[in-house]
Structures are given as structure tokens and as C-alpha cells.
Amino acid sequence: RTNGVWGSLQSLFDPQHIAWAAVNLPYSTDSGGLREKFFMIRWVPDSLTRSTMRETVRLKTSGVMLAGDLVNAFTRDGAKKLQANDLSDLELSSVLDFVSKFERDKVVRESVLPLA
């Protein structure tokens, strides 16, 4: 995990609990453009376990299904949805790749370092 704001956000995702987060990620491009990408994280960890397999499956399924309306409300106007099942899915570089996937200009990765 990293320190700073992003590390604080990562630390909120417990490997034994399902969670959702709405995130606004600012960054800049090599052409001087400033961007802010709003996205929703749906955290359903692979490591989630309960006393029975049935309970584990029920929690994971409900974690995905219950978030449907919430995620749809946040993403209706073009915000992205990030499904995270492991802390590696929440590495800042991976998330930046995800939110800037269709960016025409090259992303200046150092522009997000204040969050790291």
C-alpha cells in the first residue's frame, strides 16, 4: 500500500467486507490539459470468507447485486465502474490506466503523485 490520500483510501477496503466508494481522480495530460475522472469502486474481495461456502457466496452475490442501483445512479452520466477483488486492483497506476483508457493525450503520471 502507498501512503498519502490514496493509501488512506486503500486502507478502508477490508478483505473481509464488501464496500463501495465514489472517487474523483484529478490528473493532467502532456498537452497541459487538466482532467478529473469520477468513478465508482465496487469492492468484493476474493479473500472474503464466512463459516460456510453458502454464506460466502451469498455475501459476494449480494455485494454485486445490491450495488446495482447505487452504481447505476453514479455512472449514469458516463462515470466508470471499477470492480476490485484484490488490493492489487486498487494500485494507483492501475486505477489511472483504467480511468484514462480513452484519453487522447498521454497522462502525466507524476500529476497524481500528490495522492500517493
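Residues numbered from 1 in each chain as written. Predicted model: local features only at pLDDT ≥ 70, side-chain atom pairs only at ≥ 80, totals over all residues. Heavy atoms only, no water.

Colleague: Please clarify how helix H1 (residues 4-11) should be interpreted in this entry.
Modeller: Listed as buried for H1 are Trp6, Gly7, Leu9 and Gln10. Each buried residue of H1 sits inside an arc of 160 degrees when the element is viewed along its axis, so together they form one side. In this structure, the buried residues of H1 make contact with strand S1 (19-29), strand S2 (34-43) and helix H3 (92-99). (Buried < 20%, exposed > 50% of the residue type's maximum accessible area, 1.4 Å probe, protein only. Helix = DSSP H or I, 4+ residues; strand = E, 2+ residues; numbered from the N terminus. Arc of directions from axis to C-beta. Contact = heavy atoms within 4.5 Å.)

Colleague: Would you mind showing me how to read the side chain of serine 28 here?
Modeller: Inspection of the secondary structure puts serine 28 in strand S1. Residue contacts for serine 28: discarding those within four places in its chain leaves Gly33, Leu34, Lys106, Val107, Val108 and Ser111.

Colleague: What is the right way to read the pattern of salt bridges from this model?
Modeller: A full pass over the atoms with the stated rule returns 3 salt bridges. With a shortest N-O distance of 3.0 Å, arginine 35 and glutamate 103 are connected by a salt bridge. One end of the pair, arginine 35, is in strand S2; the other, glutamate 103, is in the loop between H3 and strand S4 (107-108), and 68 residues separate them in sequence. On the basis of relative accessibility, which here comes to 26%, the residue arginine 35 falls in the partly exposed class. (Salt bridge = Lys/Arg side-chain N within 4 Å of Asp/Glu carboxyl O.)

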